[in-house]
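Spelled out, the chains give:
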Amino acid sequence: MSNASPFDLPPAPHHFSPEHEAFRATVRSFAEREIAPFAAEWDEAGTFPRSLYAKAAALGLLGMGYPEEYGGTPADPMFSVIAAEELARAGTGGVQASLGSLHIGLPPVIALGSPALKARIVPPVLRGEKIAALAITEPGGGSDVAALRTTARRQGVGGGAHYVVDGEKTFITSGLRADFITVAVRTDPASRGAAGISLLLVEGDTPGLERTELKKTGWWASDTAHLRFDGCRVPATNLLGGPDEAEGQGFRAIMRNFNHERLVMAASAVGYAQACTEEALAWARERRTFGRALAEHQVIRHKLVDMVQRVEVAREFVHALAWRLMHGAGDEALLVARTGMAKIQATQAMEFCAREAVQILGGMGYMRGTKSERLYREVKVMVIGGGSEEILKDLAARQLGL
Ligand SMILES: Cc1cc2nc3c(=O)[nH]c(=O)nc-3n(C[C@H](O)[C@H](O)[C@H](O)COP(=O)(O)OP(=O)(O)OC[C@H]3O[C@@H](n4cnc5c(N)ncnc54)[C@H](O)[C@@H]3O)c2cc1C
């Protein structure tokens, strides 16, 4: 029986340049060498070495897409998609989520931070020396961002101006270790809804910030935390207020940030779905029941074809979307809708492949240490986080004008 991979297709030149393909090869070997061999160990330990950030930075994985003046390397969205897919094949969402939390924490700093703040915050994060995170979700709810209740009251004048932050955030990726946290706050306490929401950069060592680790179903290697802000004093210069240094710009920035996060989550889900399929196929070729390899039983063969098919459909959707985003090819509303739909398509493929992979592995699929077991535990956060399936369908319906 052949050992060929069903995913072994030549690169699609209409989507990827030789530079993209060279980058893919680099990230693949990094993930195979630096992450995959330790995935199970780090998951059990509930953490991974901080030194991985610097290793990823040396490869350009952290600085990709950020301005050169802050130590980044300009890169189109295809590079983010490639990095997400290839890191995902190591089969540990926990490591990938924490390693990548800068990509949700930093973009609002780049978009709305003052030049002095950017110069201080961004370079050490891109070098992998400091960790950045984003804190939007509150115990009262995550989907309804406009209802957030954490407050930041401005006090003082001139150089002594500062905000006093009170409230709670929960389920925050890199929440325990982050040095810089981009926090969604209500700067106008009298406001309701989206108006009056701002983003504020809170530093990890701010007095009054208390962080508690959260135990969860999957992503064990990721330091998800509950954050409590009790009278935290934050310099007014840490407001992400754009050139006018104005309050109330948070909601739009949060929504813009979500689009990139969703594209990357979709690409990651494709990688996880493929990792499950590859593990199940290798097992099915090896394992024998009733005198034949599992892969020779028609029921199992059909499962494997269903898995490959779903991975490929999701992948093509994500690649075509990334190409459109890269070239600005399409009306913005239609692309926002497709970004949500791509995340739904890819995470559904991941759910299907994780379920079938565990089934094909049988009892072994229920044992800790296999990729399929880990990804089966991790799949739900992909469907809920960064915009749940229900919320994204509502968003898509609105953007499509249905
Ligand atoms: C491991 C992990 C890491 C995370 N990391 C971060 C992070 O780094 N930063 C951060 O800010 N957040 C983070 N989150 C939070 C995540 O983004 C939220 O969990 C998500 O947005 C959903 O919010 P919620 O959990 O409050 O659910 P809710 O908003 O309470 O929703 C509960 C359920 O109801 C559904 N629902 C809600 N409203 C509607 C509606 N109008 N119609 C139909 N269905 C609806 C939702 O889809 C969901 O299924 C993380 C979550 C997890 C689990």
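See above for the structure.
Because the structure is a prediction, the values reported are computed rather than measured.

Participant: Explain the overall build of the protein chain here, please?
Facilitator: In terms of helices and strands, the protein chain carries 13 helices and nine strands. In terms of overall size, the protein chain behaves like a compact globule, its C-alpha atoms giving a radius of gyration of 22 Å where 402 residues would be expected to give roughly 21 Å. Structurally, the protein chain occupies a C-alpha span of about 80 × 45 × 40 Å along its principal axes. By the burial criterion, 49% of the 402 residues in the protein chain qualify as buried. When contacts within the protein chain are restricted to residue pairs at least 6 apart in sequence, long-range pairs at least 24 apart make up 75% of them.

Participant: Help me understand the site of the ligand in this model?
Facilitator: Ile136, Gly142, Ser143, Thr173 and Ser388 are the nearest of the 21 residues found near the ligand. Put simply, the parts of the chain that give the shell around the ligand at least two residues each are strand E1 (132–135), strand E3 (162–172), helix H12 (371–384) and helix H13 (389–399). The dominant element in the shell around the ligand, judged by the number of residues it contributes, is E1, at three residues.

Participant: Would you mind showing me how to read the packing of helix H11 (residues 332–361) against H13 here?
Facilitator: The relative placement of two packed helices is expressed as an angle between their axes plus a distance between the axes. It is the contact of H11 with H13, at a shortest axis distance of 8 Å, that shows an interaxial angle of 155 degrees. Classified by the interaxial angle, the pair formed by H11 and H13 is roughly antiparallel. The chirality of how H11 crosses H13 is left-handed. In this structure, H11 contributes Ala333, Leu334, Val336, Ala337, Gly340, Met341, Lys343 and Ile344 to the contact, and H13 contributes Glu389, Leu392, Lys393, Leu395, Ala396 and Gln399. Residue composition of the contact of H11 with H13, by class: nine nonpolar, two polar and three charged.

Participant: I tried to follow the pairing of strand E7 (residues 225–235) on my own but got confused; where do I start?
Facilitator: In regular strands, side chains alternate between the two faces of the sheet. Relative to E7, E3 runs antiparallel, the two being bridged by eight bridges. The partner of Val164 across the bridge, within E7, is Arg233. Strand direction decides the pairing type here: strand E6 (residues 209–213) and E7, joined by five bridges, are antiparallel. Each bridged residue has a counterpart across the sheet, and for Glu213 the counterpart in E7 is Ala225.

Participant: It is not clear to me how the nonpolar core should be interpreted in this structure. Could you clarify?
Facilitator: Within soluble globular proteins, side chains that are nonpolar generally end up buried alongside one another. Ranked by internal contacts, the top residues of the largest apolar core, which has 122 residues, are Leu200, Ala269 and Val318. The element contributing the most residues to this core is helix H9 (residues 250–286), with 18 residues.

Participant: I keep staring at H11 and nothing clicks. Help me out?
Facilitator: Every α-helix winds through 3.6 residues per turn, so residues three or four apart in the chain are directed the same way. In this model, H11 (30 residues) spans 43 Å end to end at C-alpha, consistent with the 44 Å of a helix rising 1.5 Å per residue. Among the 30 residues in H11, 23 count as buried, and that is most of the element. Just beyond H11, the residue with positive phi is Gly362, at close to 65 degrees.

Participant: Would you mind going over the packing of helix H1 (residues 18–35) against helix H4 (residues 77–88) with me for this structure?
Facilitator: Between H1 and H4, whose axes approach to 9 Å, the crossing angle comes to 30 degrees. By the angle between their axes, H1 is roughly parallel relative to H4. When the axes of H1 and H4 are compared, the crossing they make is right-handed. For the pair formed by H1 and H4, the contact residues are His20, Phe23, Arg24, Val27, Arg28 and Ala31 on the first element and Met78, Phe79, Ile82, Ala83, Glu86 and Leu87 on the second. Tallied by class, the residues present in the contact of H1 with H4 amount to eight nonpolar, one polar and three charged.

Participant: Explanation requested: unusual backbone geometry in the structure shown.
Facilitator: Residues apart from glycine generally show negative phi values, whereas peptide bonds are mostly found in trans. Of note, Phe171 is a non-glycine position whose phi angle comes to about 60 degrees, a positive value. With respect to the secondary-structure elements, Phe171 resides in strand E3. Look at Glu245: it is not a glycine, yet its phi comes out positive at around 50 degrees. Mapped onto the fold, Glu245 is located in the loop between E7 and H9.

Participant: Please clarify how the environment of Ala132 should be interpreted in this entry.
Facilitator: You can see Ala132 is positioned in strand E1. A tally of 26 C-beta atoms within 10 Å means that Ala132 is categorised as buried. A C-alpha to C-alpha distance of 9.5 Å links Ala132 and Thr173, two positions 41 residues apart in sequence. The contact partners of Ala132, leaving out residues within four places of it in the chain, are Ser101, Leu102, Gly105, Leu106, Val125, Ala178 and Phe180.

Participant: I keep staring at the environment of Ile344 and nothing clicks. Help me out?
Facilitator: For Ile344, the location among the structural elements is in helix H11. For Ile344, a count of 22 C-beta atoms within 10 Å puts it in the buried group. In sequence terms Ile344 and Val383 are 39 residues apart; their C-alpha atoms lie 7.2 Å from each other. Beyond its immediate chain neighbours, meaning those up to four positions away, Ile344 contacts Glu389, Leu392 and Lys393.

Participant: When you look at the environment of Glu390 in this model, what are you seeing that I'm missing?
Facilitator: Considering the arrangement of structural elements, one finds Glu390 in helix H13. Along the chain, Glu390 and Val270 lie 120 residues apart, while their C-alpha atoms are 20 Å from each other.

Conventions we followed
Residues numbered from 1 in each chain as written. Predicted model: local features only at pLDDT ≥ 70, side-chain atom pairs only at ≥ 80, totals over all residues. Helix = DSSP H or I, 4+ residues; strand = E, 2+ residues; numbered from the N terminus. Rg over C-alpha atoms; globule rule 2.2 N^0.38 Å. Buried ≥ 20, exposed ≤ 12 C-beta atoms within 10 Å, placed from the backbone. Contact = placed C-beta atoms within 7 Å. Near = placed C-beta within 6 Å. Axes fitted to C-alpha atoms, helices over the stretch in contact; angles between N-to-C directions. Parallel < 35°, antiparallel > 145°, perpendicular 65-115°, else oblique. Left-handed = near helix turned anticlockwise from the far one by under 90°. Nonpolar A, V, L, I, M, F, W, Y, C, P; charged D, E, K, R; others polar. Pairing = 2+ DSSP bridges. Core = buried A, V, L, I, M, F, W, Y, C linked by C-beta atoms within 7 Å. Expected span 1.5 Å × (residues − 1).

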